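Observations on chain architecture
Listed here are the chains, written in short residue letters.
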Amino acid sequence: MNRFQPTLKACILMAALVFLIGLPPVASALEATFYIGLFSRILIYALAAVSLDLILGYGGMVSFGHAAFFGAGAYVVGIFAFHGIEGSAVISWPFVIMGTDNALISWAVAAAASAGLAFVIGAISLRTSGVYFIMITLAFAQMMYFFFTSLELYGGDDGLSLFTRNRLGHLDLSNDAAFYYTCLGLLIGFLLFTRRLVNSRFGMVIRGCKENERRMGALGFPTYRYKLICFVIAGAGAGLAGALMANQTEFVSPSLLHWTVSGDILVMVVLGGVGTIVGPVFGALVLLLLEEFI
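Residues numbered from 1 in each chain as written. Predicted model: local features only at pLDDT ≥ 70, side-chain atom pairs only at ≥ 80, totals over all residues. Heavy atoms only, no water.

**A word on the overall build of the protein**
Within the protein one finds 10 helices and 4 strands. Each helix (α) and strand (β) of the protein, taken in turn from the N terminus, gives the series α-α-α-β-β-α-α-β-α-α-α-β-α-α. In terms of overall dimensions, the protein is globule-like: its C-alpha atoms have a radius of gyration of 19 Å, near the 19 Å expected for 294 residues. Out of the 294 residues in the protein, the part that is buried amounts to 50%. Across the protein, contacts joining residues at least 24 apart in sequence account for 76% of those joining residues at least 6 apart. Summing over all exposed atoms, the protein offers an accessible surface of approximately 14,400 Å²; the carbon and sulfur share of this is 67%. (Helix = DSSP H or I, 4+ residues; strand = E, 2+ residues; numbered from the N terminus. Rg over C-alpha atoms; globule rule 2.2 N^0.38 Å. Buried < 20%, exposed > 50% of the residue type's maximum accessible area, 1.4 Å probe, protein only. Contact = heavy atoms within 4.5 Å. Areas by Shrake-Rupley, 256 points an atom, 1.4 Å probe, with all protein chains shown as cover.)

Next comes the structure, spelled out in structure tokens:
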């Protein structure tokens, strides 16, 4: 009989899910639509925090450069929207890629671009460990920050405005409630994916690397390759969160890549509980609510 009795954790998660699902209609009924935008922001940062927890909580990789992937994803959306309005190509050689405000395209490219960036940064950074790894990831993030600051075509340090949110099929993302539920759905999907990943054979190897990488290597596992793949997946998740942030604010700027953003995401993970999957969601909730009301 106790086997089917819900645990306290399950009850809390169910209550949180019911609260999040019911928030938009309740907020609209109370004429407090401000909270829909606030919690959309919380859900976006929660997605970024969960992606960091994947490498920090399960892989033991303390990255201080997660903002590089977050900001890169946001800029991909901004650049695609910029060229979509002009009707010009984002890339014209060796093949032509036109600008667009189609979410399926720009969000996928944002995640893929951030994953590619994570591959390059991870391939170099993962050859170190400890404080050296922290400083190298921080250095790469700051390099990306100054790179986007120098892009005068896309606003430089003034940033780049989007005239409207992306299109997602028949969904009207300009409607705050529709955008909120999109963010909620993507967060839940990424949480389920992360849970499946960390409980898989791949996840077992990553957790083993955190505990004793030398022993995992002695057992025949290519630990560098496993950690790099994990780093790339985390970068893709952060890039998707950045794409959502660009849509929520309808604005992107180099400030999204600043080291303070990496610090905020790291604090969310620590507040919610490192290596807990859903903990960073509560960490994002606590930090952003404190930031808003205090």
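**Let's talk about the pattern of salt bridges**
For side chains bearing opposite charge, pairing can occur when the charged atoms are close. Applying the stated criterion across every chain, the model contains 5 salt bridges. Its salt-bridge partner being arginine 41, residue glutamate 291 comes within 3.1 Å of it at the nearest N-O pair. One end of the pair, glutamate 291, is in helix H10 (residues 279-293); the other, arginine 41, is in helix H2 (residues 34-56), with 250 residues separating them in the sequence. Owing to a relative accessible area of 46%, glutamate 291 belongs among the partly exposed residues under this scheme. (Salt bridge = Lys/Arg side-chain N within 4 Å of Asp/Glu carboxyl O.)

**Regarding the packing of aromatic side chains**
All chains considered together, the criterion is met by 15 aromatic pairs. With centroids separated by 5.4 Å and ring planes inclined at 85°, the aromatic side chains of phenylalanine 82 and tyrosine 154 adopt a geometry described as edge-to-face. Residue phenylalanine 82 is located in helix H3 (residues 67-86), and its partner tyrosine 154 is located in the loop between helix H5 (130-149) and strand E3 (160-161); the two are separated by 72 residues in the primary sequence. Judged by its relative accessible area of 11%, tyrosine 154 is buried. Seen in terms of ring centroids, phenylalanine 147 and phenylalanine 148 are 5.2 Å apart; in terms of plane orientation they differ by 75°. Their pairing is edge-to-face. (Phe/Tyr/Trp six-rings, centres within 6.5 Å; stacked < 30°, edge-to-face > 60°.)

**Let's talk about empty space enclosed by the protein**
On inspection of all chains with the given rule, the structure shows 1 cavity of 30 Å³ or more. The computed volume of the largest cavity comes to approximately 30 Å³. Taken together, Leu54, Tyr58, Leu197, Val198, Phe202, Gly203, Ile206 and Cys230 form the lining of the largest cavity. Per-element accounting of the lining of the largest cavity gives the leading share, 3 residues, to helix H7 (residues 201-218). Here the lining of the largest cavity is built from residues that sort into 7 nonpolar, 1 polar and no charged. (1 Å grid on protein atoms, 1.4 Å probe; cavity = no way out; pocket = protein on both sides within 12 Å on 5 of 7 lines; lining within 4 Å. Points joined across faces, edges and corners; volume = space filled by probe spheres on them. Nonpolar A, V, L, I, M, F, W, Y, C, P; charged D, E, K, R; others polar.)

**Re helix H1 (residues 8-29)**
If you check H1, its first and last C-alpha atoms are 31 Å apart, about what 22 residues at 1.5 Å a residue would give, namely 32 Å. Those residues of H1 that sit buried are Leu20, Leu23, Pro24 and Ala27. In this fold, the buried residues of H1 make contact with H2 and helix H6 (176-198). Glutamate 31 occupies a position one or two residues after H1 and carries a positive phi of about 55°. (Expected span 1.5 Å × (residues − 1).)

**Brief notes about the layout of surface pockets**
Counted as a void, the largest pocket has a volume near 620 Å³. Of all elements in the fold, only H1, H2, H6 and H10 reach the threshold of two or more residues within the lining of the largest pocket. Per-element accounting of the lining of the largest pocket gives the leading share, 7 residues, to H1. Its boundaries defined by the atoms lining it, the second largest pocket holds a volume of some 160 Å³.

**Digging into the packing of helix H4 (residues 103-125) against H5**
Packing of H4 against H5 leaves a shortest axis separation of 10 Å and a crossing angle of 145°. Handedness of the crossing formed by H4 with H5: right-handed. Where H4 abuts H5, its residues Leu117, Ile121, Ile124 and Ser125 lie against Phe133, Ile136, Thr137, Phe140 and Met144. For the contact of H4 with H5, a count of residues per class yields 7 nonpolar, 2 polar and no charged. (Axes fitted to C-alpha atoms, helices over the stretch in contact; angles between N-to-C directions. Left-handed = near helix turned anticlockwise from the far one by under 90°.)

**What about unusual backbone geometry?**
Here tryptophan 93 and proline 94 are connected by a cis peptide whose omega angle stands at 5°. Positionally, proline 94 belongs in the loop between strand E1 (89-91) and strand E2 (97-98). One non-glycine residue, isoleucine 277, lies in positive phi territory at about 65°. Residue position: isoleucine 277 is located in the loop between helix H9 (259-272) and H10. Here isoleucine 277 falls in the buried class, since its relative accessible area comes to 12%.

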